[in-house]
Amino acid sequence: MSMSTLTSFFQRHRVGTLVTAGSVSACLIVTGIIGTALSAHPSPHTAERDASVSAETLVEYADIPTLEVPGDASRTPSLPTEGAPVADAPETKKPAAQPSPAPDAPATKKPAPVVEAVSATLYVTAPSLNIRSTPSTSGNHVGSLSHGAKVAVNGKQSGWYRLADGRGWVSGDHLSSKAPAAQPKPAPVEAVSATFYVTASSLNIRSAPSTSGNRVGSLSHGTKVAVNGKQSGWFRLADGRGWVSGDHLSSQKPKPAARPVSSNSREAAIAEGRRLGVQVVFDSGPDGTSGHFGKFWPHAPNVAYIHPKLIGDWRLISVVRHEAAHAEIYRICGTYAPLIAGNRAQNITDAFAMEFYGGLAWSHYPAGSGDHQAAKAIRAGNCG
């Protein structure tokens, strides 16, 4: 066995690091003995000579201490044979211990809210309190309780109370242990039987005896109405349409809104325009009537332009009233042709003059019953 082979063997097994401190000397002696044996038998490398040298030499030095290998005292490293390749053993590192994965914590369910047992009598403070199928506003609506209602409860959860009669749940925000003050009762309806006349230019009909009632219609000036009930200054119409304010009713028939005009003079036309809230201007030019009998211009909503040739004509006052009606419709609706008029703005304008200005001796735009209804609606503020 050659020295290089032996050296590789020791390097491979790291003998220098495996022996204990007390065996360092022995390790060196063994190395020297083996080296001497190899020098004493320098024959060619044969298996027989190597074996005899090893046996004789090791017997001669039998009292040499045995190499100590940490970790296994009974194990002695074996020597490699001649010619066997010796490779450096790769240095291996013990893998670091990996921590075992923690088991998944079992999913926990949020406990359901607990219904607290209660026994109490409470009163409803809201005008109307909903009863729900569950203690939440998302519960189905299953009924209601009126203001001041006395209720017995037997359970409470999340601010809601369970009705003892099993109907459902109600919010505790609208319950009190004290009975609320009684709400004032509306005045009773007084039975009356009378006939009145409307004194306002237009009087609203409402669904209830209050201005907060829905508007359901209107009555024009001078309309005769029959009533059969009275409450808080309001009168109930006998035909069942609704209620009207007594402030605009009179037992006496009012004077006509307009008197028939017997004169067709310039002065009469100007006076009629003044009565109706417009200034009469006689002008047939482009900025006046533009050749028509009369003209209304939105840029001058308080002016009625009249063609001069109508002075002394029997149609003069009718034309003045027609243009004045245009002006009033414009003031009410912001346009002289509101949506409610459709394509009959001129016809409804004549109807408006007939209804509220004392009639027309002449109408260039015949008005039907539908036009008159639309004119009344516009007067009441309904422009469509």
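Everything below is about the structure shown above.
Overview of the structure. (Residues numbered from 1 in each chain as written. Predicted model: local features only at pLDDT ≥ 70, side-chain atom pairs only at ≥ 80, totals over all residues. Heavy atoms only, no water.)

## Some remarks on the nonpolar core
So the rule is basically this: Put simply, buried Ala, Val, Leu, Ile, Met, Phe, Trp, Tyr and Cys residues joined by side-chain atoms within 4.5 Å make one nonpolar core. Each residue's exposure class comes from its accessible area (1.4 Å probe, protein chains only) as a fraction of the maximum for that residue type: buried when under 20%, exposed when over 50%, partly exposed otherwise. Numbering of helices and strands starts at the N terminus; helices are DSSP runs of H or I of at least 4 residues and strands are runs of E of at least 2.
In this structure, Ile348, Phe352, Tyr357 and Ile378 are the most contacted members of the largest nonpolar core, which totals 22 residues. Elements with a contribution of two residues or more to this core: helix H6 (316–333), helix H7 (345–356) and helix H8 (369–379). In terms of residue count, H7 provides more of this core than any other element does, six residues in total.

## Side note on the side chain of histidine 307
So the rule is basically this: Throughout, a contact is declared for two residues whenever any of their heavy atoms are within 4.5 Å.
By the secondary structure assignment, histidine 307 is in the loop between strand S17 (303–306) and H6. Apart from residues no more than four positions distant in its own chain, histidine 307 is found in contact with Phe282, Ser284, Thr289, Gly291, His292 and Phe293.

## With respect to the state of the cysteines
Here is the rule: Pairs of cysteine sulfur atoms within 2.5 Å are what we label disulfides.
Scanning the model with the defined rule gives one disulfide in all. Between cysteine 333 and cysteine 383 runs a disulfide, and the two sulfur atoms are separated by 2.0 Å. Note on the cysteine 333 and cysteine 383 pair: the S-S dihedral is about -85°, so by sign convention the disulfide is left-handed. Taken together, the residues cysteine 333 in helix H6 and cysteine 383 in the segment after H8 connect sequence positions 50 residues apart. Cysteine 383 shares its class with cysteine 333; the two are buried.

## Describing the packing of H6 against H7
For clarity, the cut-off: In this analysis, axes come from line fits to C-alpha atoms, helices being fitted only over the stretch in contact, and the angle between any two N-to-C directions falls in the range 0 to 180 degrees. Put simply, angles under 35 degrees are roughly parallel, angles over 145 are roughly antiparallel, angles from 65 to 115 are roughly perpendicular, and the rest are oblique. Throughout this entry, Asp, Glu, Lys and Arg are counted as charged residues, while Ala, Val, Leu, Ile, Met, Phe, Trp, Tyr, Cys and Pro are counted as nonpolar. The remaining residues, Gly among them, count as polar.
Remark: H6 packs on H7, axes separated minimally by 8 Å, with the N-to-C direction vectors making an angle of 100°. Viewed along their axes, H6 and H7 adopt a mutual orientation that is roughly perpendicular. On H7, the residues touching Arg321, His322, Ala325, His326, Glu328, Ile329 and Ile332 of H6 are Gln346, Thr349, Asp350, Phe352 and Ala353. Looking at the contact of H6 with H7 residue by residue, the class counts come to five nonpolar, four polar and three charged.

## What to know about the packing of aromatic side chains
The condition is simple: Pairing of aromatic rings covers Phe, Tyr and Trp, the last through its six-membered ring, and needs centres within 6.5 Å; plane angles under 30 degrees mean stacked, over 60 mean edge-to-face, and all others mean tilted.
Enumeration according to the criterion identifies six aromatic pairs in this entry. Taking the centre distance of 4.9 Å and the plane angle of 55° together, the rings of phenylalanine 196 and phenylalanine 235 count as tilted. Taken together, the residues span a long stretch of sequence, with phenylalanine 196 in strand S8 (residues 190–198) and phenylalanine 235 in strand S12 (residues 234–237) at a distance of 39 residues. Summarising the burial analysis for this pair, phenylalanine 196 and phenylalanine 235 share the class buried. With a centroid separation of 5.8 Å and 55° between ring planes, the pair formed by phenylalanine 293 and tryptophan 362 is classed as tilted. Note that phenylalanine 293 is positioned in the loop between strand S15 (279–282) and strand S16 (294–295) and tryptophan 362 in the loop between H7 and H8, a separation of 69 residues in sequence. Judged by its relative accessible area of 25%, phenylalanine 293 is partly exposed.

## A word on the environment of leucine 339
One can find leucine 339 in the loop between H6 and H7. Owing to a relative accessible area of 72%, leucine 339 belongs among the exposed residues under this scheme. The spatial distance from the C-alpha of leucine 339 to the C-alpha of cysteine 383 is 6.3 Å, given a sequence separation of 44 residues. Not counting residues up to four positions away in its chain, the partners in contact with leucine 339 are Cys383 and Gly384.

Keep in mind these values describe shape, not function.
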